[in-house]
Amino acid sequence: MVTRTQLAQGRSRQRRDELLDAAIELFAEGGSRMVTHRAVARRAGLPSATTTYYFASIEDLLRDALAAHVQQWTADLTALTELDMDATFSLNEATSLVSHAFGLRGPEIAARELSIYLAATRDPALRESATETLRQFERLAVRVLSRLGVERPEPLAASIIALIAGTALRRQSGQYSETEEAHMMTRTIRDLIAAHVMGMEKVEALVQHAQAEHTSERSAGSR
């Protein structure tokens, strides 16, 4: 049986979560200047004094809102990393996985998350939180790459996160379908992994060989 105390605690947690969600929405729309006690309470549909009951300052409210948002991002990505993957994971399987993730987090969600992250990096008080977000994403990438058997995955993880961010930006244009975006991203990730596994010396040797062949073909064509 649920007691009155438990009900009160549940309502209190719900109100706090509503304030955090409202703060993130306002922050995504216009940065920290949009996040005021009155604006957050109004967006959450709560009395104006509610924010000061739960948070000592607007800075604490915004910091906790960003932390909660990052935790949700991390939880969503962690759920994907728990899927059964190994070194034989095919391109088609990876594309299906990314397509599923894109379906759950459409371009509009990607745009919101980009705006939140960019706004946080521009605010000195929130820059460290934004940096920690990136660290968490890189740690998740390292975990997935390690499960795939990739050695020394840290530098590769940073490159993959940059690729994912770039893909999120391009998705806003609608230049390609979501399926095409998923295929291009997974193919590029596999190319990055292949180059990483081969090692820089072999990659550079292949590039030089390709350049030499191209120069030779051009010379032959100009005769």
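Cut-off values and rules
Residues numbered from 1 in each chain as written. Predicted model: local features only at pLDDT ≥ 70, side-chain atom pairs only at ≥ 80, totals over all residues. Heavy atoms only, no water. Phe/Tyr/Trp six-rings, centres within 6.5 Å; stacked < 30°, edge-to-face > 60°. Buried < 20%, exposed > 50% of the residue type's maximum accessible area, 1.4 Å probe, protein only. Helix = DSSP H or I, 4+ residues; strand = E, 2+ residues; numbered from the N terminus. Salt bridge = Lys/Arg side-chain N within 4 Å of Asp/Glu carboxyl O. Polar contact = N/O pair within 3.5 Å; in protein donor to acceptor, adjacent residues only side chain to side chain. Axes fitted to C-alpha atoms, helices over the stretch in contact; angles between N-to-C directions. Parallel < 35°, antiparallel > 145°, perpendicular 65-115°, else oblique. Left-handed = near helix turned anticlockwise from the far one by under 90°. Contact = heavy atoms within 4.5 Å.

Peer 1: Which parts of the structure should I look at to understand the packing of aromatic side chains?
Peer 2: Centre distance and the angle of the planes are the two values used to describe a pair of aromatic rings. Evaluated as defined, the whole model comprises one aromatic pair. Judged by centre distance (4.9 Å) and plane angle (85 degrees), the ring pair of Y53 and Y54 falls under edge-to-face.

Peer 1: For this particular structure, what's the right way to read helix 2 (residues 37-44)?
Peer 2: An α-helix turns once per 3.6 residues; consequently, residues spaced three or four apart project the same way. Looking at helix 2, one finds that the buried residues are A39, V40, A41 and A44. G45, located one to two residues past helix 2, shows a positive phi value of around 70 degrees.

Peer 1: So what exactly am I meant to see when it comes to the pattern of salt bridges here?
Peer 2: Close approach of charged atoms lets side chains of opposite charge pair. Applying the stated rule across the entire model yields seven salt bridges. As a salt-bridge pair, R63 and D60 come within 3.0 Å of each other at their nearest N and O atoms. Of this pair, R63 and D60 both sit in helix 4 (residues 58-81), separated by three residues, roughly a single helical turn. A relative accessible area of 28% places D60 in the partly exposed class. A single network of salt bridges, built from pairs that share partners, joins E25, E29 and R43.

Peer 1: Looking at this structure, how should I read the side chain of H196?
Peer 2: Position of H196 relative to the elements: it lies in helix 9 (residues 178-198). Within the structure, the side chain of H196 is placed 2.9 Å from the backbone oxygen of E151, a separation counted as a polar contact.

Peer 1: Hey, could you run me through the packing of helix 7 (residues 127-147) against helix 8 (residues 154-171) in this one?
Peer 2: Helix-helix packing: each pair is described by the crossing angle between the helix axes and the interaxial distance. Packing of helix 7 against helix 8 leaves a shortest axis separation of 8 Å and a crossing angle of 120 degrees. Judged by the angle between their axes, helix 7 and helix 8 are oblique. Note on packing geometry: the crossing formed by helix 7 with helix 8 is right-handed. Along the contact surface, helix 7 presents L134, F137, E138, A141, V142 and L145, while helix 8 presents E154, L156, A157, A158, I160 and I161.

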